[in-house]
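Structural characterization, general
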Amino acid sequence: MDLPKIVTRDEWLEARKELLGREKDFDRERDRLTEARRNLPMVKVEKEYIFDGPQGTVPLRDLFEGRRQLIVYHMMFDPAATTACKHCSCVMDNIAGGLIHLTARDTSFATISRAPIAKIEAFKRRMQWAFRWVSSFKTDFNYDYHVTLDPDRDSTVYNYRTLDYRGELPGLSVFFRDNDLIFHSYSTYFRGLDMLLPMYHLLDRTPLGRQEDKGNSMHGGENSWIRYHDAYGVEGNSPCCAD
C-alpha cells in the first residue's frame, strides 16, 4: 500500500484541522443515530426462555440480575464443535474488560450460545473469561432472534434479509425489563458488530489501518488473520468454529 506523503508540521496541522471538521460532522451524525436507536419501539417477549447455566437452569428474566436492561451477545458456538468461533471470541476479548461498568448504568450483560453448557464452561476456562455465558440448546432462542439459520425450522432470515445458509451466525440483542414484563428493543448483526471492536478503531487511527482485504478480514473465514488470544504465533491454528 502507498504510505501518506511526508510534509512539514504546518502542512500537517492544516490537513489535521480539515479532517477534524469531518470527524466532528461524523460525531454529530452518530449522536443523532444513537438517539434514533434509543427511540426504537419495543416488542414484548412472549416466550419463557429457560437456558442452561453452570449451576442449573436460568430463565431469561434472571439474566437481568435485577437490573432494567440486558445486553446479549450471540456467540457462535455450534453444538457439535468444541470451541466457539474465533471471531466471536475476538469480539468478547475486546469488550470483556469493560462490562463491569455497565452495571453502574442499570445494565447487565450475558453471552448466549447453542453449545451445551459443559463445552461452554470448558472453553470459557481456556479463554479465562469471567462474563456470564449460558446455553440456549434446549430453547428456540437462537432461531427466534435469527442467529441460527435452519430452513427445516423456518429460520432463514439474517440481518433482516433472507439468507441461503445453515448454521450459527453472530449478533447482539438488547432487552428491557419493566417489572415482570420483558421487551426486545434492538438487534444488530454482522457489520453492525464492528462498533464493539475497539482494536479496530485504534488501528483505524494508524497509517497502516486494519491491514486487511476481503480474504483476511474479520469476516474472511479460514483465511482471516484473527486467532484465539492464546494462539497468536502458534502454527496450525484451527479455523473458525472447528474442533
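The structure displayed is predicted, hence computed values, not measured ones. (Residues numbered from 1 in each chain as written. Predicted model: local features only at pLDDT ≥ 70, side-chain atom pairs only at ≥ 80, totals over all residues. Heavy atoms only, no water.)

**Looking at the overall build of the chain**
What counts is decided by this rule: Strands are runs of DSSP state E lasting at least two residues, helices are runs of H or I lasting at least four, and both sets are numbered from the N terminus onward. With a 1.4 Å probe rolled over the protein chains alone, any residue whose accessible area is under 20% of its type maximum counts as buried; one over 50% counts as exposed, and the rest are partly exposed. Should any heavy atoms of two residues lie within 4.5 Å, those residues are considered in contact. All accessible-area figures derive from a Shrake-Rupley calculation using a 1.4 Å probe, and residue coverage is judged against the displayed protein chains alone.
Each helix and strand in the chain was counted, giving five helices and twelve strands. C-alpha atoms of the chain, sized along the principal axes, occupy 65 × 45 × 35 Å. Taken across its 243 residues, the chain has 40% of its residues classed as buried. Put simply, of all contacts in the chain between residues at least 6 apart along the chain, 60% involve residues at least 24 apart. Carbon and sulfur atoms make up 52% of the accessible area of the chain, which amounts to about 14,800 Å² in all.

**Quick word on the layout of surface pockets**
Remark: the empty space left among the atoms is shown by a probe the size of a water molecule rolled over them. So the rule is basically this: Here a cavity means grid points, on a 1 Å grid over the protein atoms only, where a 1.4 Å probe fits yet cannot get out; a pocket means an open set of points with protein on both sides within 12 Å along at least five of seven lines; lining residues are those with an atom within 4 Å of a point. Grid points are joined across faces, edges and corners, and a volume is the space filled by probe spheres set on the points. In this classification, the charged set is Asp, Glu, Lys and Arg, the nonpolar set is Ala, Val, Leu, Ile, Met, Phe, Trp, Tyr, Cys and Pro, and all remaining amino acids, among them Gly, are polar.
Empty space within the largest pocket amounts to approximately 1,600 Å³. Listed by contribution, the elements that provide at least two residues to the lining of the largest pocket are helix 1 (9-38), strand 4 (69-74), strand 5 (107-113), strand 11 (171-178) and strand 12 (181-189). Here the lining of the largest pocket is composed, by residue class, of 18 nonpolar, eight polar and ten charged.

**Here's the deal with the pairing of strand 3 (residues 56-59)**
For clarity, the cut-off: One bridge is not enough; two strands pair if DSSP finds at least two bridges between them.
Note that strand 2 (residues 50-53) and strand 3 share four bridges and pair antiparallel. Each residue of the ladder has a partner; that of F51, found in strand 3, is V58. Connecting the antiparallel pair strand 2 and strand 3 is a turn made up of two residues.

**Notes on unusual backbone geometry**
Of note, the phi angle at D106 is positive, near 60°, even though the residue is not glycine. Tracing the chain through its elements places D106 in the loop between helix 2 (86-95) and strand 5. One non-glycine residue, F190, lies in the positive phi region at around 50°. Relative to the helices and strands, F190 resides in the loop between strand 12 and helix 5 (198-203).

**Describing helix 2**
Given 3.6 residues per helical turn, the α-helix brings residues three or four places apart onto the same face. Most of helix 2 is tucked away, with nine of its ten residues classed as buried. Looking at helix 2, one finds that the buried residues are K86, H87, C88, S89, C90, V91, M92, N94 and I95. Summarising the contacts, the buried residues of helix 2 are in contact with strand 4, strand 5, helix 3 (117-127) and helix 5.

**Description of the environment of T156**
Tracing the backbone shows T156 in the loop between strand 7 (148-149) and strand 8 (157-158). Since its relative accessible area comes to 26%, T156 is described here as partly exposed. T156 sits 13 residues away from Y143 along the chain, and the two C-alpha atoms are 8.9 Å apart. With residues near it in sequence (within four places) discarded, T156 still touches L149, P151, R161, T162 and L163.

**Concerning the nonpolar core**
As a reminder of what qualifies: We define the nonpolar core as a collection of buried residues of types Ala, Val, Leu, Ile, Met, Phe, Trp, Tyr and Cys that are connected through side-chain atoms lying within 4.5 Å of one another.
Y73, M75, F77, M92, F123, W129 and W133 are the most contacted members of the largest nonpolar core, which has 32 residues in total. Counting only elements with at least two residues in this core, the list comes to strand 4, helix 2, helix 3, strand 11 and helix 5. The dominant element in this core, judged by the number of residues it contributes, is helix 2, at five residues. Not counting the four nearest positions on each side in its chain, M75 is found in contact with A84, C88, S89, M92, T111, I112, S113, W129 and W133. Core analysis: the second largest hydrophobic core is formed by 16 residues, V58, L60, V134 and Y145 among them.

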